[in-house]
Amino acid sequence: MCGIIGYTGKNQAMPVIVKGLETLEYRGYDSAGIALDKKEKFSVIKSEGKLENLIRKIESADVSSTAGIGHTRWATHGKPTETNAHPHTSENGMFCVVHNGIIENASVIKNELVKKGYSFVSETDTEVIPQLLSYHYDGNMLEAMRKTFMSFEGSFAVAVMCKDESDVIYAAKKQSPLIVGRGNGENLLASDVSALADKAETFAYLEDGEFAVVRKDSVEFYDMCLNHVTKNFEKNETQHAENTKGGFEHYMLKEIFEQPEKIRNLIKDKIKNGKIFLDEIAGLSLEIAKAEKLYIVACGSAYHAAMAGKYALEEFCRIPAEVDIASEFRYRNPPIDEKTLVVVISQSGETADTIAAMRLANSKGAFVTGIVNVLPSTIANECDYVIATKAGREVAVATTKGYTTQVVALYMLALHMASVRKTLSDKELEFYAEKIKEIPAQIETVLADCEKFEKFAGKYTDKNNIFFIGRNTDFAAASEGALKLKEISYINCTALPAGELKHGTIALVENGTPVIALCCNERLYKKTMSNIEEVVSRGAEIFLIRKETISHKLNCSEIVIPECIDIFSPVSEVIPLQLFAYFVAKKKGCNIDMPKNLAKSVTVE
Ligand code: G6P
């Protein structure tokens, strides 16, 4: 989703802004732009498409300046054209703005301003910001900010430059993230900490309703009533190594291969002598013991992680676990009381719908546990308890290590809850804890066969529709596998519970229809095999993912994954699907790390 970077300091702004924009690329965007403070007027350069287009324009421009703002835009209001790209400037040239979020009442404000004689050049909601600032401005910038941002509904993270104040960047925030970084003789603003990498020594999150005034040698914060706010700055420990591909052709492949190490790192202090230690939720024991219901709420792949974790939570803890998509949950008045636990899952910790779901659950009195990768982040900061998934920075838009670490975190949560609720014996707890420890090695075995996937992938590049089927835990993995392939190869993929096929979708199966069948659940494999036979007899071509122990008489391509217990199989069985998606997309020549129309961090609803 949109990315913001701002710099003011002792050095040239342009290289810092371009590097920041490159770091923010992973969030997803379709146009980009910069504005430099050139004393007499702002120098604004924008372009459609990828950053290289912008950089080409910058190369032939006079870009000397020590302050500026930059933006990658993921279109919401208006097409991804150069005119709609940010920064946007007020008609009188006084204000220049970059914005992340959606001003929901923009059209009402725009109509008012048009009646007052203002004219607009873009189709964006953002353009009302510089225009309204110029309407309210009488020489006092903070007062103009207060009046302007008070009138907005929706979400915003905004960086503003004003012609009257050289080398100063103002910022405002509601719902969308914005971070202020402090360096040595230079200060910055960015949508995430990684974009501050080697410049900011410390950083602080801007909170909803706060303003920041960033100068080269000072940073000030104010609340909506313009009272001074004091903030604690944290040390910036972003590793530059996390911003590189480490010898892999794409971030996605690097991240797929990081999974065994990241899972080992996640479980290392938590599983000792066959026992689970989730100290971060120790304070929740009373609520866990008396809980009668559990909601797990998330979006995208995190939702699929919730689906995979649900089986372990219900099986181990004997508690109904309802999995919900955050954008649905937030508008459906779910019955929540003091006997309801709520878990939200988010890699980024910034997904707008998941944040809203967390706040809703909180407002109804539930204790919310967040399973989050990016710390600090809005969800990690606001929920009652946090289980960090420790996957490290994930750059590829299509999540891989983010997903598998979420699933493993849910397995550990399930065992922890089962131990508190005494629904598993010590021996059973020990057995399952040991099984979790086997997961990284199982993934390594699948990864060792990586080349095989490249061969298989060639057969699928010209397909328009692919079905993924499986039952129970296999269905959870099938859902994630279908999403992976769809996201990066643009092939329409549908995941179905294998038993549901005959209730409609089988009508689409004909000679040569590709069906990827997951058969790793030993308890149910005979049932899935019957469903596979049903599609084979209608001409489907099967690609089977099965466990070593599951035998069959099908004539089909297959990938065999190592032995693992059914309930934990969604982790190792998704690895072939990640690799399969990667190689299909690669053979199709797709932009694997930054698929079209998608964003890594979805900060609007
Ligand atoms: C976007 C990403 C997905 C991700 C989803 C939820 O759609 O492209 O990969 O699963 O958001 O993101 P979260 O950060 O909340 O896990």
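Residues numbered from 1 in each chain as written. Predicted model: local features only at pLDDT ≥ 70, side-chain atom pairs only at ≥ 80, totals over all residues. Heavy atoms only, no water.

1. Description of the site of the ligand
Around the ligand, 14 residues are found, and the nearest of them are Ser301, Ser346, Gln347, Ser348 and Thr351. At 2.9 Å, a backbone N or O of Ser301 approaches an oxygen atom of the ligand. Here the ligand loses 89% of its free accessible area of 390 Å² to cover by the protein chains. By residue number, the principal contributor to the shell around the ligand is helix α9 (residues 300-317), which donates three residues. Among the residues forming the shell around the ligand, the class breakdown is five nonpolar, seven polar and two charged. Shared between two domains, the shell around the ligand takes at least three residues from each, and those domains are domain 2 (244-448) and domain 3 (449-605). (Near = heavy atom within 4 Å. Polar contact = N/O pair within 3.5 Å; in protein donor to acceptor, adjacent residues only side chain to side chain. Areas by Shrake-Rupley, 256 points an atom, 1.4 Å probe, with all protein chains shown as cover. Helix = DSSP H or I, 4+ residues; strand = E, 2+ residues; numbered from the N terminus. Nonpolar A, V, L, I, M, F, W, Y, C, P; charged D, E, K, R; others polar. Domains from an automatic or database assignment.)

2. Description of the sheet that holds strand β12 (residues 210-214)
Reading across from one edge, β5-β6-β7-β8-β12-β13-β14 is the order of the seven strands in this open sheet, with antiparallel pairing throughout. Of all strands in the sheet, those bounded by a partner on one side alone are β5 (88-89) and β14 (228-229). Examined bridge by bridge, strand β13 (residues 219-222) and β14 share two bridges and lie antiparallel to one another. Its bridge partner being in β14, Phe221 is matched across the sheet by Val229. Set on the sheet, helix α4 (residues 128-136) makes contact with β5, β6 (95-100) and β7 (156-162); between it and β6 the angle comes to about 140°. The strands that helix α5 (residues 141-150) touches are β6, β7, β8 (169-174), β12 and β13; relative to β8, the one it contacts most, it runs at about 25°. (Pairing = 2+ DSSP bridges. Contact = heavy atoms within 4.5 Å. Axes fitted to C-alpha atoms, helices over the stretch in contact; angles between N-to-C directions.)

3. Regarding the pattern of salt bridges
Across all of its chains, the model carries 34 salt bridges by this definition. Between Glu210 and Lys231 there is a salt bridge, and its shortest N-O distance comes to 2.8 Å. Of this pair, Glu210 sits in strand β12 while Lys231 is found in the loop between β14 and β15 (234-235), placing the two residues 21 residues apart along the sequence. Neither residue differs from the other here; Glu210 and Lys231 are each classed as buried. Of the charged contacts, one joins Lys484 and Glu487 as a salt bridge, the two residues approaching to 3.3 Å between their closest N and O atoms. Of this pair, Lys484 and Glu487 are both found in helix α16 (residues 473-489), three residues apart, which corresponds to roughly one turn of the helix. Comparing Lys484 with Glu487, the two get one shared label, buried. (Salt bridge = Lys/Arg side-chain N within 4 Å of Asp/Glu carboxyl O. Buried < 20%, exposed > 50% of the residue type's maximum accessible area, 1.4 Å probe, protein only.)

4. Describing the domain arrangement of the protein
Partitioning the protein into domains gives domain 1 (2-235), domain 2 (244-448) and domain 3 (449-605). Placing a centre on the C-alpha atoms of domain 2 and another on those of domain 3 gives a separation of 23 Å. Between domain 2 and domain 3, the residue contacts involve 50 residues of the former and 43 residues of the latter. Counting each side, the surface lost to burial between domain 2 and domain 3 is near 3800 Å², with a carbon and sulfur contribution of 67%. For domain 2, the biggest contributors to the area lost against domain 3 are Tyr311, Val397 and Val446; these three give 19% of the whole. Where domain 2 meets domain 3, there are three salt bridges. The salt bridge involving Glu394 is made with Lys600; its shortest N-O contact spans 2.7 Å. Elements with a minimum of two residues in the side of domain 2 that touches domain 3: α6 (251-257), α7 (259-267), α9, α11 (352-363), α13 (401-421) and α14 (426-447). Among the elements that make up the side of domain 2 that touches domain 3, the one with the highest residue count is α14 (10 residues). (Buried area = accessible area lost by both parts, 1.4 Å probe.)

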